[in-house]
Amino acid sequence: MEFGIEIPQGKPFDAVALGLNAVDHLIVVPRFPEFNTKIPFLSHTLAPGGQSATAMVALARLGMRARYIGSVGSDDLGRFQIESLAAEGVESSCVKVVEAAESQTAFIIIDEATGERTILWNRDERLTVGADEVDFDLVTSGRVLLLDGHDVEASIQAATYARRAGVPTVLDIDNFYKGAEELLPLIDFNICSSDFPKRVTGETDLRLGLKKLHEQSGTCFVTSTVGKYGVLAYFQGQYIHSPAFEVVCRDATGAGDAFHGGFIYGLLTGLSVEETLRFANAVAALKCRSIGARTALPTLEEVNGFLSDNRI
């Protein structure tokens, strides 16, 4: 099945993202601690992460021209984040440094046996990007625009600009932020968490929830990531299930961000719907090889080799 959507040409970037970045404290434990107990941790790693920023790094690793737009605090972690993007070849000159603000951080507890994680995060309100700060030329400088919807008003403005310029939009969303009902109709590809359709539609059945989400929002392509089961998409009246790959998972942090990067790669290169979902699943699986959201993000050669070795 083909997406049937026109991707603009002649842009300075293949993809642009407006959204979150973070610096993660990744703590590996032998088991998830019970309430009111003490256990030793096995390792602690400080690494860059964040939904939109990590997706752009994923695309850069795959050979795409990526730009990230967001905000950081005027602290060491903010400088660390910007330097990490530059080191990956992601254009980040438009990242806003907010004086006296603290950069977004997360403390992530990772179960050693499964690689599953629990995230504790905090974002300084001063990092919020307002609608009046969204620049038309910047958010439409790519062939695809990725949003995470956290700063809803800015995302609405960016999606409005993208639609005006004929740039398709991809949304990475897990929480129904206040005002998101105005954002969803402006999105072409909604790739959400497995419980997001229920939060919006009230449907407990994922299939019915995806269908209703499409009907309510008008978004042409709606997909939910469902962890070890892969992804389920609803498109042109059909359900498409793409199973996940079985890998030894050391850390699931950033797997969804990697999936979004892989999905955008498929859109940009003209892969079919089924090929795109399988490619994105492979990028997400390979990311899980190491601790950290970006550490094991694969190159294109690695993804193609993995797909060749894991034919479904």
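Residues numbered from 1 in each chain as written. Predicted model: local features only at pLDDT ≥ 70, side-chain atom pairs only at ≥ 80, totals over all residues. Heavy atoms only, no water.

1. Description of helix H2 (residues 76-87)
- Taking 1.5 Å of rise per residue, 12 residues should cover 16 Å, and H2 covers 16 Å from first to last C-alpha, within 8% of that figure.
- For H2, the full list of buried residues reads Gly78, Gln81, Ser84 and Leu85. Here the buried residues of H2 occupy an arc of 125° about the axis, which is enough to place them on one side. Those residues of H2 that are exposed and aimed more than 90 degrees away from the buried face are Asp76, Glu83, Ala86 and Ala87.
- Contacts made by the buried residues of H2 are with strand E2 (22-29), strand E3 (43-49), helix H1 (51-61), strand E4 (66-69) and strand E5 (71-73).
- One or two positions beyond H2, positive phi appears at Gly89, with a value near 85°. (Helix = DSSP H or I, 4+ residues; strand = E, 2+ residues; numbered from the N terminus. Expected span 1.5 Å × (residues − 1). Buried < 20%, exposed > 50% of the residue type's maximum accessible area, 1.4 Å probe, protein only. Arc of directions from axis to C-beta. Contact = heavy atoms within 4.5 Å.)

2. Digging into the nonpolar core
- Counting 54 residues, the largest nonpolar core has Met56, Phe221, Phe263 and Leu277 as its most contacted members.
- By residue number, the principal contributor to this core is helix H9 (residues 273-287), which donates 9 residues.
- Not counting chain neighbours up to four residues away, the residues in contact with Phe263 comprise Phe3, Phe189, Ile191, Phe221, Thr276, Leu277 and Ala280.
- Membership of the second largest hydrophobic core comes to 31 residues, among which are Val16, Ala159, Leu210 and Leu232. (Core = buried A, V, L, I, M, F, W, Y, C linked by side-chain atoms within 4.5 Å.)

3. Some points on the packing of helix H8 (residues 255-269) against H9
- Contact geometry of H8 with H9 gives a least axis separation of 7 Å together with a crossing angle of 145°. The hand of the H8/H9 crossing is right-handed. For the pair formed by H8 and H9, the contact residues are Ala255, Ala258, Phe259, Gly262, Phe263, Tyr265, Gly266 and Leu267 on the first element and Thr276, Leu277, Phe279, Ala280, Asn281, Val283, Ala284 and Lys287 on the second. (Axes fitted to C-alpha atoms, helices over the stretch in contact; angles between N-to-C directions. Left-handed = near helix turned anticlockwise from the far one by under 90°.)

4. Thoughts on the environment of Ala255
- Turning to its location among the elements, Ala255 is positioned in helix H8.
- Expressed as a C-alpha distance, the spacing of Ala255 and Gln51, which sit 204 residues apart in the sequence, is 9.7 Å.
- Residues within four places of Ala255 in sequence aside, it is in contact with Ala284, Lys287 and Cys288.

5. Observations concerning the packing of H1 against H8
- Relative orientation of the contacting elements H1 and H8 amounts to 50°, with a least axis distance of 8 Å. Here H1 lies oblique to H8, going by the angle between them. The chirality of how H1 crosses H8 is right-handed. Counting all contacts with H1, which are made through Gln51, Thr54, Ala55, Ala58 and Leu59, the residues of H8 involved are Asp257, Ala258, His260, Gly261, Ile264 and Tyr265. (Parallel < 35°, antiparallel > 145°, perpendicular 65-115°, else oblique.)

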